[in-house]
Structure formats: structure tokens, C-alpha cells
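Coordinate inspection notes
Take a look at the letters that make up each chain.
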Amino acid sequence: MDPFDPWLHPLEAAIRLAAEEPDTLAIHTKENGKTERYSYLELWQKAYSIAQELKVLPGWDDEGHEVIATYCEAEAHWLFYSYALWILGKKVINFGLNWPAVARKALCERLRIRYVLYHHTKPGRIEGVEAIDAGVYYPLAAIPAPSIDACQPLDEYIGYLSTSGTTGIPKTFQISHRFMESTRPSVGYPKGSVGVFQAASFSASMAWLAIGVNTKGSLWLSKPTPNPVNKALSVISLLNEGMGIFSSTPSFIKMVFKVATSRNPRIRWPKAERVVLAHELVPVSLVHLARKLCPNAMIRCGYGSSESTIIGTLTFCVIQPTEPCPSQLVYKLTKPNVRCVLFDETGNVVDQSVSRHGVLAFAVDKDDPVRNHPNFANADRSDKLAVFGFLEDGSPRVCTQDWVEMKGEKDFVVFGRFGQKVKVNGVYVDLNALEEIVNQNLSDSIVDCAFMQTSELKIVMLYVTRKESNPKLTPTEILQTVQDLFALKNVSKVPIHNCFELNDIPFTEVGKRDLKKLRRIAESADQYGRSVVYPPLEISDALISRIAVLISRLGSQILNIEALDGRNYYIAGVGFDSLSVGRLALAIKNELDVEISPLILLSNGMTPMAVAQLVIDIRDKRPLIPPTVDLAEEAAKLDDATVTAEGLPPFAFPTWARGIVLTGATGFLGVFLLYELANRFPRAKIYCLVRAKNEEVALLRLLSNASQLVIASRMRADPRYAVRDRFVALCGDLSQDKWGLSDERWKEISEETDMIVHNGAEVHWLYDYNRLKGPNVLGTATALRLATTHHLKPLHYISTLGTVPASKGSSKLLMEKIYSAWNISGGYGQTKWVSEQLVNKAGTIEGMSNTDDYIWRYVKGCIQLGIAPSHATPVTMTMDPVDHVAKVVAEIAGSEEALSKFVFHISDPENSVITETKLFEIANAFGWQVLFETREQFKGLLSEAASIETNALFPLMHMMMDMSFLPDNTNTRAIYPTPCRPASVIAKKCLNYLFHVGFLPEPQNPSSELKGEEYPEVSIFGRTGRH
């Protein structure tokens, strides 16, 4: 077969080669870390074997089931699967590996896809779609000779191309196998070896598949890796082995060249015959570098897109090895029935006899059959700059969105995206040209840069510094240097409003610059500045790295903080609340098929890397927190004999305490306790243990939290809050001996304080007992030692009812006592139990139910959905205002009678508790229409809802059930008989407040009870506690 014989369907061309030239190389791959090669005969055998296994899958031949998806890198199995599906008469669509679950689901519904084929990387869960690893199928023992007769009839259309999906659900375009026929003569040559490095979802990958087989060529595949540098190294090894056609995006080719020359400045690839740069703006400087490193190669700069392939248009600027590199790249349109049209900024056609500048569009004759293509048939004719549309004479046209200068009827120079050409002081400035100037002239200091214009028309420079540069310039110095350079180059004065240093310029999975991400970083300057304190994730081939990168990206997308993408941030510290963390839990379930409780994701210390390790452990069926100690034995071992009253003066109750030690003072409850204790004991200094680098910083942290959480929501002039002069900040750590205090400080609090309120602990639902033992158990042991040093001091230990497993979902009262026979799982609960056994000897224990903001996120979600799972469900909730809890604790601490009662539950079964049904009855009375359903009906309705936000109610619903209990508080009422306001009253006030601050939507029938009140300007929800 002559390589330039009439174009053939890829399957027909491969079969002819397998039959006539069976040993011709088809695939050369390094995907498994070593070189593997497959001939066209072996390709046929692999594809045919897979096809026979696929066709027996349930519903394979059902009517309407003609599209199968693949989920592959540029790997050999992508090729095996494509040919197998064509053997069976199916069409192929290659899913992007970075597409979110909602995009995959939408495309499966749009194209009626039932199966997704994968091998190296498994896709996330898609409801109603089965993922098949067809790579595990064994080759058949008897395979017929290559023949078109062994296949289903060939279809003109081989599959679908798609957009990248960075702007939402990817658009799809059905493509003919001839979509690259006109391009073959300009890029292919007989038995060429073509490198394919972009993901299979990229249009260029499908293009090279079709061109390669129609030139008797082979596809050379690098090792799939998320690390761009490692990928570049794999491509370098292919070039060293003799790969002939190096084709990719300019961004990726530039990286390959830089990595290669940094390791070997003299490296050259004389065997390279083609360097094809396409799918992005090609810098002239990169063409010069390609000529230097590939001296015998023809350089072809391609211009086109997935959309323009619909009309078969791809243009090139060709530089032969013997020609000098030009100062401008002039692209030539060679297809005879396509013409170039220019639009101005508003979408009106430009008269090219008047101006040669404008936004480029390709148009075909008005009678061209392509006008019936779905993308033209469904085009928005009112949008003059839409990608697909029609000219006034009815001619179908594809708008490229790029600003160009016409050099002839079909020759043009591309300046870049229309949005990259911005108007500054009445003059157009090309941001791409600015990048080229900086990269060429500041290469000693800057590896790469990007200029982005924000929605506020501010220009932001994002750059990557060269690590070995000396001295390393600060952002301010970079900004000044760039401005001086522009002045030297006579560039129009461009006001650069800010600049930020990046670790790397981000890439999409297809090797392009991720312009959308760069723009979001520029838009989120303040957020980006805060996020850089989080270290970047190390990107490698390791499974844990891949999962961590995915989780980091999911979190950044949910919070819409692009700068967090790729960083190992603390999930509980970057803005997640109970609803958004529910969305993260759902996204992890969809992408990784692993269920993780939102409570675990929000626990202290959880980062993308920690969650990735958890995902791996769950997949491997390892227990989350295996038992590590005998708790009873541990409690007995830690029972310190020196904690005793022997040798100390007789105990005298500190009615007028001189000083009080308070741990956990910077937490939500702690700051309220701080003021209540100060007012209950007006002569006492309050010594607060705070983690900080010194006592000055500790005091600032203490006062800042107190101001934000307490004083901001109350009358600042109230004399109850004029007590700061009695606060003493202690710089310490609960896990250390003597809490890390100096001997002088320890002596001071031993002698000058008369009471201890131990409210501090580390909360982490994943850490085992040994990891939490320091702050939670040894910290309590230290508090007991302090209570028996110099003179006896009462110790009040704050615990939580939520850690009592037996209480969850129980209809019996949870009695005020120490539970000695718990069946506890989880390190946090275990440390709390051991601590209570230690305190059982001396002190007072107060239990409290910490009602988190998940209740109100849950209520909001149900109001938005219009239903609540409250029918025939005995779920209860406790609502105790934090100021009430703090007041009760202070009163107990000030009562001598309390010492004999020992255990106190702050929540009570009458006033603190409200049923889920009652809560939504109040919401209905306020005017929100919420129907009651059973929990199973509620789940069904949620499954039908398209919104991710409503699906996030799933984990919240289970959290509500887990936290359902009835506490007894007889002891508490004996000391503080004034009950909390009824939970129904609190619920009404909260609903009223949340409506007036805009958290809850407008009711359908607003009630007069939703009266306007004056509320302080404070955050609706905090991080560790809630208003």
C-alpha cells in the first residue's frame, strides 16, 4: 500500500497492513517503564481478542448503544480499545482524565453510554455506567487472519471529539475518519514514527492515530505520569531512541527542550525529521530553539482547533531545514473551499480593504453539507462571536476567537486569544508579546511567565523563578525590572498591577498552558497570597501522590480558590464548612469510590495527602484505627500515685480564687469561658495556655479570638468585658512535661492559682490512641499534677457527650456518671475515656453537646430541596447557646456543692432537645414550604436531584442520626436551676437571624414572625464553633 494512496478508515488501513506487512511497527511505548513494541499483526490480534470479550457484555447490541467511552492516557490500550470498538461497529469517545464526575455523567447521558473502558487508571463512579478493564482479557487461542470480513460494517463516523471541559460540560463533535485527510501530505511521511504525548481525549491524539496508520507509521508513547518533568524525561528518551516526529503543544515542547538542555547543554537530535508545534500560540523564540536542537527537522507550526476540524481546516507555517527562521510566523490556509473572514470586537465583519486586523473566522460556502452538522444546526445566531455560526449570506463559519493580521487572502499572523489583546489607555497591547519579551530577556532570572487581565481590567504577572538564579529577586524587584525592560524595548506603558511567584506554570492534561487556572489565580490575588503558606504537593507516579493531587484539586474547585490546587492544605483551615465538606466527601466517593465521613475530613490535621493515605488504607481494607492499647490497663498504668493530698494543707474551697488556669482558651467554648470565669471570680487572674512561639504572640492570639468570637457580637462598652488586664497568656503545649512551661512559670501557677478548668484537647477522628495520648491524656495527667502541687485545687474537666458511643440514637436518658465499660473505637474517644478515668479520682467533669453548624447547613439544604426526612423518624438534636454553656460551667466551678456531685451534663432533656420534625414545623410556620418524607423516600428524591449541593445532604442526614440522644442533667440543675431557653425558641431566633443575613432563601409565604432585628456584623459560622 502506497502511503499516499486514497485515504482509508483507520481500521481498514490497519487490517491491510497487518495482512500485507505484518511485521511493520505499529506501537512503540514506554508506559510500563520499559520499551515495548507491537507490530500491526499484534495490534490486530489484541484488538480482535478484546472485541470478542466485549460483545458478550449485557446490552452490548441494544438499539441506541453505539458509543463507548475510553478512559486512557496516551497508552497502548487506548489503541487496542479503539480498534476493538471499530471492529464491533461502535463509535469512540475518549474521556478526559481531569473531567469531574458531573461532566462524565452528562456525556454518558447525552451519548447513551453504558460502558467505559480503562486499564492503567480507573475512572470515578458514574451512575448507570460500568467501568471495564478490558486489558485483563486473555488473547484468544484462535484468531482469524486480518480481514475486513471479520468486522462489522465500517462507519464514516468513527467517534466524537470533545472540548477540554474547562468551562463546564465538554462539547462533543461527531467526526468522520477523513477529518485529517487533507493534513496528511503536510505532516506525514512513509513509515514515520510519531510521538503522541497528550491524553487520548485530545483531538491531536486522535488525529495522529488516523494519520499514522494511513502512512504506515508507528505511534510512540511516553510513560504516563502526572509530573511534567518526568514526562519530559520520557519523551527525551524517545527522541534519543530515534523518534522522527515530535509533535505537541508549544508549552510542553518548550519544557522538554529546557529539561534536556539543563542536563546536557550540547544535546542534539539529528534524526528528528519533523517538529510539529500546534494547538497554542507558537513563540518565534521556540522555533529558533527547535531549529538548534533538531537541525535536520522540518518545523511545522500548526494552527487550528477541535472546532475547526468540523470543516476540515488546519493551517500551517512550514520552515524547511535549509530555510532561516522567520521573524514572524505566517500561517497559510490551503483547503480550497474555506475562506478567511475577520470580525471586529463586536462581531461585525471587517472590510479587509480597510483593515487587515481582527478576530479570525473560517467560512465555507453556504450550500456546504456541513451546515447540517448539529453544532451549526444548534448555533446561537444572535451571538456574533460564538464559535459556531453563520455569516449574513448563510455561510457556515467557525470563529477562532483569535486576533490576527491578514498577510494575504489566506495568509495570516496570529497574535493570540482575543482576550489576551487588551486596551490600555486607548492602545491595544498584546499580552502574549509581553510574555515573549520577558522570556527572551530575563531568562537568567525567570523560567516562564504569564500576563493575565482580570475582570476588573487589572494586569497581573505570574512568573516562575529560576532556582539557580543568584541573587533571587523579590516580586517587587521583578516588577520593577519588567517595567524597566518594557521601557527599554519601547513598549507602550503597561500598568502591571501585581505580580506573583508560582512554583510552576500549570498545564492541562493535554499539555497546554492552563489559561483558565492562571486567570483564576490572577482574579484571586488575596486568596493566593494566603494560600502559599501551604506546601506544594510532590507530584510523582506514586498512587498516593496521584490521589492527593486529585483531592487537592477537588477541594480547590469546591471552594473556588484556584490557588489551593496542588497544595497540601489543611481542609479544616481553608474555609470548608459542613455543607462544602459534604460535597468534598461526595466528590471523593464519585472519583475514588471510597466513602469518608465529612466529620473525618474536617478533623484537625487532615490534608489532601492524609486523605489520600486514608483512601489507600480503605481500599486495602486496613482498619482505620486499629486497637493499640488495653484502655483499662492504660488508665491503671497512668494512675500517678504522686497525685495525692498527702502532705498538703487541708483543702479550702476557693470562693475568692486568686488565679484560674484555663486550657483551650482560644477555642470556641474557651473564649466564652474566659469571660464567664473572669466575672464569676472578679479577683482572679485567668492564666490561659496557648500554643504560640512566645507569650506576646500567645496573648495577641488570645485577645484576637476573644474579640472576634465574643465581643464583636455583644456591646463593646459592657463592663463585663473590661477584664483583659486579668488575662495572662502562657506559651505552652499540652503534650509536653509541665505543659512545656518554664520552671518559673510552673512554680507561679502552682502557688498563685486556686482552680483549673481543663478545656483543651486535640480532636482528630483518624489518629490512633498513641498519637493523641500526649495532648489528651498526658495533658490531663499534668493538670491533675498541677491540682496537687503546693496546695489542692479543684480540677474541672470539660468532656463531650458526643464521644459516648452508647448514647447515639438511644431513647434512654444518658445518666450523669463515669462510664466504665465503653466499647470505644477511635483514638480520640479512647483518650477521652482514659482521661475521665484519671479525673475520676479528683475533680469535676462537665459534659456538653457541641452543636456544629451542620444543623443549619442541613436545614438550608432541606429548605432548598423542599423536603425533609422527618416523617416517622425519632431524631433529636440538642441546641445549647455557647454563652449559656460557659455560664453554667462557671457556676459549677464556683459551687462547693458541685464537688460531691462530680459529673454534670450541661444539656437537659427538656429545654435543650428539639426533634427534627419540630424544627421543620417551625421552618414551615416561618413560610418555607418543607414537605415531610421518610428517610428512604428522602434518599430517593436526593438521587433524582442533579445538584451536587443537594447530594451533600446525604452525609449530613446520617450525622443528624448519629448525634441523636437524650441527656440527663439532674446534677446540673441542682447547681444552676435556671434552664436554657427552650430549643424551639433558639431555633426560631437562629432561623430569623440566618434569613436576615442572607444565609437562608426568601420564604415562599413569609411569616410576620420573620421580623427585622439589628444583628452584629460577625461571621455566620466560625471554624471550630458556631454562633
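Just so it is clear, the structure is predicted and the values come from calculations on it, not from any experiment. (Residues numbered from 1 in each chain as written. Predicted model: local features only at pLDDT ≥ 70, side-chain atom pairs only at ≥ 80, totals over all residues. Heavy atoms only, no water.)

With that out of the way, let us pick up the overall build of the chain. The helix and strand tally for the chain stands at 33 helices and 38 strands. Across the chain, contacts joining residues at least 24 apart in sequence account for 72% of those joining residues at least 6 apart. Only carbon and sulfur atoms are counted for the fraction: they give 50% of the accessible area of the chain, which is about 43,100 Å². (Helix = DSSP H or I, 4+ residues; strand = E, 2+ residues; numbered from the N terminus. Contact = heavy atoms within 4.5 Å. Areas by Shrake-Rupley, 256 points an atom, 1.4 Å probe, with all protein chains shown as cover.)

Below, the discussion takes up the nonpolar core. Of all hydrophobic cores here, the largest spans 121 residues; its most connected members are Trp-269, Cys-301 and Phe-412. Of the residues forming this core, the biggest block, ten residues, is contributed by helix 3 (residues 76-87). When near neighbours in sequence (up to four residues on either side) are disregarded, Phe-412 contacts Tyr-303, Thr-315, Leu-329, Val-330, Tyr-331, Cys-340, Leu-360, Phe-362, Val-404, Glu-405, Met-406 and Lys-407. Within the second largest apolar cluster, 42 residues are counted, among which are Ala-657, Tyr-721, Ala-729 and Ala-893. (Core = buried A, V, L, I, M, F, W, Y, C linked by side-chain atoms within 4.5 Å. Buried < 20%, exposed > 50% of the residue type's maximum accessible area, 1.4 Å probe, protein only.)

As for its position among the elements, Asn-348 is in the loop between strand 16 (338-343) and strand 17 (357-364). Taking the C-alpha atoms as reference points, Asn-348 and Gly-358, ten residues apart in sequence, are found 9.9 Å from one another. A distance of 3.0 Å separates polar atoms of two side chains, one belonging to Asn-348 and the other to Thr-346. (Polar contact = N/O pair within 3.5 Å; in protein donor to acceptor, adjacent residues only side chain to side chain.)

We now examine unusual backbone geometry. Positive phi outside glycine occurs at Arg-112, with the angle close to 55°. Its location among the elements puts Arg-112 in the loop between helix 4 (101-111) and strand 5 (115-118). What makes Arg-112 exposed here is its relative accessible area of 54%. Despite not being glycine, Asp-593 shows a phi value in the positive range, around 55°. The residue Asp-593 is located in the loop between helix 16 (578-592) and helix 17 (598-602) in this model. Judged by its relative accessible area of 44%, Asp-593 falls in the partly exposed class.

Read from one edge of the open sheet, six strands run 6-5-3-4-7-8, paired in mixed fashion. At either end of the open sheet lies a strand with only one pairing partner, and these are strand 6 (130-133) and strand 8 (172-176). Taken over all neighbouring pairs, the strand axes of this sheet differ in orientation by 30° on average, direction set aside. When strand 4 (residues 91-94) meets strand 7 (residues 157-162), the two strands line up parallel, connected through two bridges. Note on strand 7: the bridge partner recorded for Ile-93 is Tyr-160. (Pairing = 2+ DSSP bridges. Axes fitted to C-alpha atoms, helices over the stretch in contact; angles between N-to-C directions.)

For the rest of this paragraph, the subject is the packing of helix 1 (residues 10-20) against helix 2 (residues 40-54). Between helix 1 and helix 2, whose axes approach to 8 Å, the crossing angle comes to 120°. Of the possible angle classes, the one that applies to helix 1 and helix 2 is oblique. For the crossing formed where helix 1 meets helix 2, the hand is left-handed. Counting all contacts with helix 1, which are made through Ala-14, Ile-15, Leu-17 and Ala-18, the residues of helix 2 involved are Tyr-40, Leu-41 and Trp-44. Residues that form the contact of helix 1 with helix 2 fall into these classes: seven nonpolar, no polar and no charged. (Parallel < 35°, antiparallel > 145°, perpendicular 65-115°, else oblique. Left-handed = near helix turned anticlockwise from the far one by under 90°. Nonpolar A, V, L, I, M, F, W, Y, C, P; charged D, E, K, R; others polar.)

This model, assessed by the stated rule, comprises 21 aromatic pairs. Aromatic pair Phe-197 and Phe-246: ring centres 5.9 Å apart, planes at 70°, arrangement edge-to-face. Taken as a pair, Phe-197 in the loop between strand 9 (193-196) and helix 6 (203-213) and Phe-246 in strand 11 (residues 245-248) lie far apart in primary sequence, 49 residues in all. The same class applies to Phe-197 as to Phe-246, namely buried. Here the aromatic rings of Phe-197 and Phe-252 are separated by 6.2 Å at their centres, their planes lie at 50°, and the arrangement is tilted. Here Phe-197 is found in the loop between strand 9 and helix 6, whereas its partner Phe-252 is found in helix 8 (residues 250-263), with 55 residues between them in sequence. Overall, Phe-197 belongs to the buried group, its relative accessible area being 3%. The class for Phe-252 is buried, based on a relative accessible area of 5%. Ring pairs connect the aromatic residues Phe-197, Phe-246, Phe-252, Phe-257 and Trp-269, which therefore count as one cluster. (Phe/Tyr/Trp six-rings, centres within 6.5 Å; stacked < 30°, edge-to-face > 60°.)

Mean pLDDT over the chain works out to 82, with 83% of the residues at or above the 70 mark. Predicted confidence for residues 805-810 stays below pLDDT 50, and this span has 14 contacts to residues more than four positions away or in other chains. Scored below 50 in pLDDT, residues 958-962 makes 15 contacts in the model with residues more than four places away or belonging to other chains. (pLDDT = per-residue confidence, 0-100.)

In this model helix 2 runs 21 Å from its N-terminal to its C-terminal C-alpha over 15 residues, within 8% of the 21 Å that 1.5 Å per residue would give. Regarding helix 2, the residues found buried are Tyr-40, Leu-43, Trp-44, Ala-47, Tyr-48, Ser-49, Ile-50, Ala-51, Gln-52 and Leu-54. Tucked into the core, helix 2 has its buried residues touching helix 1, strand 1 (25-29), strand 2 (36-39), helix 3, strand 5 and helix 6. (Expected span 1.5 Å × (residues − 1).)

Contact geometry for helix 1 and helix 3: axes closest at 10 Å, N-to-C directions at 105°. Compared by their axis directions, helix 1 and helix 3 come out roughly perpendicular. Where helix 1 abuts helix 3, its residues Pro-10, Leu-11 and Ala-14 lie against Tyr-83, Trp-86 and Ile-87. Looking at the contact of helix 1 with helix 3, its residues break down into six nonpolar, no polar and no charged.

If you trace the three strands from one edge of the open sheet to the other, you get 23-24-25, paired in mixed fashion. Edge positions in the open sheet fall to strand 23 (446-453) and strand 25 (496-501), since each of these has one partner strand only. Taken over all neighbouring pairs, the strand axes of this sheet differ in orientation by 20° on average, direction set aside. The pairing of strand 23 with strand 24 (residues 459-465) spans seven bridges and is classified as antiparallel. Looking at strand 24, one finds that Ile-446 is bridged to Thr-465.

By secondary structure assignment, the location of Thr-465 is in strand 24. At 2.8 Å, the side chain of Thr-465 and the side chain of Glu-501 are in polar contact. Leaving out residues up to four positions away in the same chain, Thr-465 has contacts with Ser-445, Ile-446, Val-447, Lys-472 and Glu-501.

Here helix 8 is 14 residues long and its end C-alpha atoms lie 20 Å apart, about the 20 Å a rise of 1.5 Å per residue gives. Counting buried positions along helix 8 gives ten out of 14 residues, so the element sits mostly inside the fold. Regarding helix 8, the residues found buried are Pro-250, Ser-251, Phe-252, Ile-253, Lys-254, Met-255, Val-256, Phe-257, Val-259 and Ala-260. Packed against the buried residues of helix 8 are helix 7 (228-240), strand 11, strand 12 (274-277), helix 9 (284-293), helix 11 (431-441) and strand 23.

Moving on: the pairing of strand 16. The buried count for strand 16 comes to five of six residues, which makes it a mostly enclosed element. Where strand 16 lies against strand 17, six bridges are found, and the strand directions are antiparallel. In the sheet register, Leu-342 faces strand 17, and the bridge partner there is Leu-360.

All told, the structure shown has 30 salt bridges when counted by the stated rule. Note that Lys-30 and Glu-241 form a salt bridge whose closest N and O atoms lie 2.6 Å from each other. Residue Lys-30 is found in the loop between strand 1 and strand 2, and its partner Glu-241 is found in the loop between helix 7 and strand 11; the two are separated by 211 residues along the sequence. The residue Lys-254 makes a salt bridge to Asp-448 at a minimum N-O spacing of 3.3 Å. Taken together, the residues Lys-254 in helix 8 and Asp-448 in strand 23 connect sequence positions 194 residues apart. (Salt bridge = Lys/Arg side-chain N within 4 Å of Asp/Glu carboxyl O.)

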